[in-house]
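Single-letter residue listing:
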There are 2 protein chains.
Amino acid sequence: MDDIDRMLIDLLQEDATQSYAVLGRAVGLSSGAAHERVRKLRERGVIRRTTIEVDQAALGRAVTAYVLVEGSTWMGDSAGRLSAIPEIEEAHVIAGPASVLLKVRTAGTRELQDVLRRVFEVDGVTGTQAVVVLETFFERTLK
Amino acid sequence: MDDIDRMLIDLLQEDATQSYAVLGRAVGLSSGAAHERVRKLRERGVIRRTTIEVDQAALGRAVTAYVLVEGSTWMGDSAGRLSAIPEIEEAHVIAGPASVLLKVRTAGTRELQDVLRRVFEVDGVTGTQAVVVLETFFERTLK
DNA sequence: GGTGAAATTCTCTTCCT
DNA sequence: AGGAAGAGAATTTCACC
């Protein structure tokens, strides 16, 4: 992991459709060497996958909300139950007033309510607190 | 936006390195037709960009935290000030006890403290409450 | 590790249906 | 809108440094 690897990662986060020739030129390497670097970054898991960023609103998911979930027991085994709810984009165990923090995307507030109901059915959940997003300033990739 | 467009989006979210020939086969179209569909999805902004998913821990960002920011005034103009802090990955205006919710990634808790200090220097900020992530169950793309 | 070039495969335009 | 085909460009491999 040297500076060239970091530059390649930055460039690919910006635009992963660039050719290896262009990437190589940007970091001062040949096409083949840039390709080999990126291949190794993938192999080592630093680059997890190549994907597309989608406009969620355009796909009918207009509401974003964060849900603080309180549990009566250690919820370390709830990952499977939570991942079965397709509207949950992220789930984290947190240090703080609640046990788990979820990021949820739904079509509307009616559907959000339905997700909360399903979260409540997960073992150990004693309460939820939803925080609805009014406006997103930015969601970006870190440099 | 029909079912084929949705299938193409799902396939590309899984793996955006697939050739148009493979994508076309998966949805029952020719390579050229699949290409044209994806081109239009990009043009219309449904597909924002093609990017890579990076293992943040491998890049030295071991700590993830959510920060609830309370403000004394309407913080609708704070986007620029917040985006100048590179450790902030997301910033949302929320309905609820605080005004703004941030997602932050830092190397350690020391650096997190430093980010909180810089957030405090943004006009109108009267308080912050950090929620540190202990374990991430999942961060995924929605189907 | 990196280079340069060859071989293969894919992209993307054009024309036709 | 989709299909077929060809020109041009990219990926990927390999011998050599």
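- If you check an unreviewed UniProt entry, chain A appears there as Lrp/AsnC family transcriptional regulator from Nonomuraea turkmeniaca.

1. Description of the overall build of chain A
And then number 1: Helix and strand content of chain A: five helices and five strands.
And then number 2: Start at the N end of chain A and walk to the C end: the helices and strands fall as α-α-α-β-β-α-β-β-α-β.
And then number 3: Taking 15 Å as the expected radius of gyration for a compact globule of 143 residues, we find that chain A reaches 20 Å, considerably beyond that expectation.
And then number 4: The dimensions of chain A, computed from C-alpha atoms along their principal axes, are 55 × 35 × 25 Å.
And then number 5: Classification of the 143 residues of chain A by burial places 44% in the buried group.
And then number 6: For chain A, restricting intrachain contacts to residue pairs at least 6 apart in sequence, the fraction spanning at least 24 positions comes to 65%.
And then number 7: Looking at chain A as shown, the accessible area adds up to about 6,900 Å², and 50% of this sits on carbon and sulfur atoms.
And then number 8: Of the charged side chains in chain A, 18 are positive and 21 negative, and the gap between their average positions amounts to 4 Å.

2. As for the domain arrangement of chain A
And then number 1: The domain architecture assigned to chain A consists of domain 1 (3-43) and domain 2 (57-132).
And then number 2: Taking the mean C-alpha position of each, domain 1 of chain A and domain 2 of chain A sit 37 Å from one another.

3. So, the protein's contact with DNA strand D
And then number 1: Close to DNA strand D lie S19, Y20, S31 and H35 of chain A together with L29, S30, A33, R37 and K40 of chain B.
And then number 2: Of everything in DNA strand D that lies within 4 Å of the protein, sugar and phosphate atoms constitute 89%.
And then number 3: H35 of chain A is positioned such that a nitrogen or oxygen atom in its side chain is 2.8 Å from a phosphate oxygen of DNA strand D.
And then number 4: In the environment of DNA strand D, a phosphate oxygen lies 2.8 Å from a nitrogen or oxygen atom belonging to the backbone of S30 of chain B.
And then number 5: At three residues, helix α3 (residues 31-43) of chain B tops the list of elements feeding residues into the surface near DNA strand D.
And then number 6: Per-class residue counts for the surface near DNA strand D are three nonpolar, four polar and two charged.

4. Considerations on the relation of the copies chain B and chain A
And then number 1: Overlaying chain B on chain A yields an RMSD of 0.1 Å, the required transformation being a rotation through 180 degrees with an accompanying axial translation of 0.0 Å. Taken together, these values place the two copies in the relation of a two-fold axis. Nearest to the rotation axis, the C-alpha of T51 of chain B is located 2.8 Å from it, this being the minimum over chain B.
And then number 2: Most of the interface of chain B is mirrored in chain A, where 98% of its interface residues are also at the interface.

5. Thoughts on the sheet that holds strand β4 (residues 100-106) of chain A
And then number 1: On the basis of which strands lie adjacent, the closed barrel formed by eight strands has the order β2(A)-β4(A)-β3(A)-β5(B)-β2(B)-β4(B)-β3(B)-β5(A) and antiparallel pairing. Sheet twist, expressed as the average angle between the axes of neighbouring strands with direction ignored, equals 35 degrees.
And then number 2: Two elements, strand β2 (residues 63-71) of chain B and strand β4 (residues 100-106) of chain B, share seven bridges in a ladder whose sense is antiparallel. Following the sheet pairing, T64 of chain B is matched in β4 of chain B by R105 of chain B.

6. Considering the protein's contact with DNA strand C
And then number 1: Lining the immediate environment of DNA strand C, one finds L29, S30, A33 and R37 of chain A together with S19, Y20 and H35 of chain B.
And then number 2: Near the protein, within 4 Å, the atoms of DNA strand C are sugar or phosphate in 100% of cases.
And then number 3: Between a phosphate oxygen of DNA strand C and a side-chain N or O atom of R37 of chain A, the distance comes to 2.6 Å.
And then number 4: One of the side-chain nitrogen or oxygen atoms of H35 of chain B is found 2.9 Å away from a phosphate oxygen of DNA strand C.

About the criteria used
- Residues numbered from 1 in each chain as written.
- Chains lettered and ligands numbered in written order.
- Predicted model: local features only at pLDDT ≥ 70, side-chain atom pairs only at ≥ 80, totals over all residues.
- Heavy atoms only, no water.
- Helix = DSSP H or I, 4+ residues; strand = E, 2+ residues; numbered from the N terminus.
- Rg over C-alpha atoms; globule rule 2.2 N^0.38 Å.
- Buried < 20%, exposed > 50% of the residue type's maximum accessible area, 1.4 Å probe, protein only.
- Contact = heavy atoms within 4.5 Å.
- Areas by Shrake-Rupley, 256 points an atom, 1.4 Å probe, with all protein chains shown as cover.
- Lys, Arg positive; Asp, Glu negative; His and termini not counted.
- Charge placed at Lys NZ, Arg CZ, Asp CG, Glu CD.
- Domains from an automatic or database assignment.
- Near = heavy atom within 4 Å.
- Polar contact = N/O pair within 3.5 Å; in protein donor to acceptor, adjacent residues only side chain to side chain.
- Nonpolar A, V, L, I, M, F, W, Y, C, P; charged D, E, K, R; others polar.
- Least-squares fit on C-alpha atoms with pLDDT ≥ 70 in both.
- Pairing = 2+ DSSP bridges.
- Axes fitted to C-alpha atoms, helices over the stretch in contact; angles between N-to-C directions.

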